[in-house]
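Chain by chain, the residues run as shown.
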Amino acid sequence: MQILVTGGAGFIGSNFVHSTVRRYPDASVTVLDALTYAGSRSSLSMAGSLVDLVEGDIADAGLVNRLVCDSDVVVHFAAETHNDNSLADPSPFLRTNIIGTYTLLQAVREHGTRYHHVSTDEVYGDLDLDDPSKFSEHTPYNPSSPYSATKAASDMLVRAWVRSFGVRATLSNCSNNYGPYQHIEKFIPRQITNILTGTRPKLYGAGKNVRDWIHVEDHNAAVWRILESGEIGRTYLIGANGELDNLSVVRMILELMDKDPDDFDHVTDRPGHDLRYAIDSSTLRNELGWRPRYNDFRAGLQATIDWYRENPTWWENDKDAVESRYQTQGA
Ligand code: NAD
Ligand code: DAU
């Protein structure tokens, strides 16, 4: 099996590559990644010579066409992914998330290649804190930020290419991931590395916003389950019933790192900040038999803290630049 993983030097993609080489030692894995600020060669060092890393842009039609031609399966993770960055400058989000996905779709259409599209629960907008419902495959799209609007657009392109051109694609929309190799601009690693560098964690607004946390290994196991048994044209929601508000997460990180749980700063809230995400993953569970294995968030968070503590060379060169970018936005 020849598998092409776009964005395989990023957070979820690199974890996907590691689990793929463990699971399918005979598979031949090629990563296509532009190595933006969010991608790192070192995230793939564990996979070593088992993986071929091609540095390039998913919007480069010639390159994409050549790589797809040699592949049996394409798993598409590459994206601009950070909401705060999309508020500061939406343009790379439009190019990578929309034009990049379009470029891949044209190539898999031409070569008849199986394609899986990795997307986000943010395409559904947000829920009230006391709303008993969760996002399901039937929830109407209602994205809030430039990031989520471009992901929604890319999902729509995939659906149109399935219906109009018979592309053999599946889609998944997952909730917030945590685990090793996540860029330190994101909430959990930002706070862990703040504490490790002697800085107080930063909480947006009052911290009442709720995210539905899932361990990255559980997300990737679900992607494999969909690749193996998913129905072409279908969308599957991935989530592990991990709803927690941001205040509780910051306090838990501080406690696990032996600090006073109140030792954090409230900072300027994100404009248009989505209030709550919550995923109903019963289709994936009932039809494909997937179950999350990392059900103890506290233990998963402790392991993630340990990973950042033990791997400072992976993140410390980026820390000053990330924090000075946040300072300009008062966060
Ligand atoms: P990330 O930002 O950590 O990694 C993105 C990767 O894509 C990087 O390696 C980057 O170099 C690469 N990339 C960016 N632009 C590119 C381009 N034009 N051409 C080639 N490569 C390019 O992202 P992540 O958190 O690992 O997210 C991966 C995917 O999963 C995204 O599609 C995201 O929307 C989706 N997703 C993420 C989460 C989450 O919680 N992180 C949840 C649900 C869905
Ligand atoms: O739901 C899936 C999405 O989860 C993915 O599609 C995105 O790519 C991924 O980045 C993530 O989006 P969020 O905006 O939810 O993640 P982020 O880590 O940026 O923030 C999580 C929550 O924490 C959010 O409510 C904002 C808050 N926050 C974030 C940062 C960086 C803080 O309170 N302080 C911070 O310093």
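Going by the structure above, here's the rest.
Here's what I pulled together on the structure shown here. (Residues numbered from 1 in each chain as written. Chains lettered and ligands numbered in written order. Predicted model: local features only at pLDDT ≥ 70, side-chain atom pairs only at ≥ 80, totals over all residues. Heavy atoms only, no water.)

Turning our attention to the pairing of strand β2 (residues 28-33). The buried fraction of β2 is high, at five of six residues. As defined by bridge partners, strand β1 (residues 2-6) adjoins β2 across five bridges and the pair is classed as parallel. Counterpart to L4 in the pairing with β2 is T30. On the question of chirality, the crossover connecting β1 to the parallel β2 by way of helix α1 (residues 11-23) is right-handed. (Buried < 20%, exposed > 50% of the residue type's maximum accessible area, 1.4 Å probe, protein only. Helix = DSSP H or I, 4+ residues; strand = E, 2+ residues; numbered from the N terminus. Pairing = 2+ DSSP bridges. Right-handed = clockwise from strand over helix to strand, strands pointing away.)

All right, on to the site of ligand 2 then. Residues in close proximity to ligand 2 total 25 residues, the closest being T120, D121, Y147, R270 and H273. A distance of 2.8 Å separates an oxygen atom of ligand 2 from a polar backbone atom of T81. Expressed as a share of its isolated accessible area of 690 Å², the protein-covered part of ligand 2 is 95%. When contributions to the shell around ligand 2 are tallied by element, the ones reaching two or more residues are α6 (187-196) and β8 (202-204). Its residues placed into classes, the shell around ligand 2 shows seven nonpolar, ten polar and eight charged. (Near = heavy atom within 4 Å. Polar contact = N/O pair within 3.5 Å; in protein donor to acceptor, adjacent residues only side chain to side chain. Areas by Shrake-Rupley, 256 points an atom, 1.4 Å probe, with all protein chains shown as cover. Nonpolar A, V, L, I, M, F, W, Y, C, P; charged D, E, K, R; others polar.)

Turning to the site of ligand 1, a few remarks are in order. Near ligand 1 you find 28 residues, and of these I12, D33, T81, Y147 and K151 are the closest. One of the side-chain N or O atoms of D33 is found 2.5 Å from an oxygen atom in ligand 1. Taking 840 Å² as the accessible area of ligand 1 by itself, protein coverage stands at 96%. Put simply, the parts of the chain that give the shell around ligand 1 at least two residues each are α1, β5 (114-120) and α5 (146-165). In terms of residue count, β5 provides more of the shell around ligand 1 than any other element does, three residues in total. Split by residue class, the shell around ligand 1 holds 13 nonpolar, twelve polar and three charged.

Quick look at the packing of α6 against helix α10 (residues 297-310) now. One way to put it is that α6 packs onto α10 with a least axis distance of 10 Å and a crossing angle of 55°. Judged by the inter-axis angle, α6 sits oblique to α10. Crossing angle aside, the handedness with which α6 passes α10 is right-handed. Along the contact surface, α6 presents I188, P189, I192, T193 and L196, while α10 presents F297, L301, T304, I305, Y308 and R309. Taken together, the residues that form the contact of α6 with α10 break down as eight nonpolar, two polar and one charged. (Axes fitted to C-alpha atoms, helices over the stretch in contact; angles between N-to-C directions. Parallel < 35°, antiparallel > 145°, perpendicular 65-115°, else oblique. Left-handed = near helix turned anticlockwise from the far one by under 90°. Contact = heavy atoms within 4.5 Å.)

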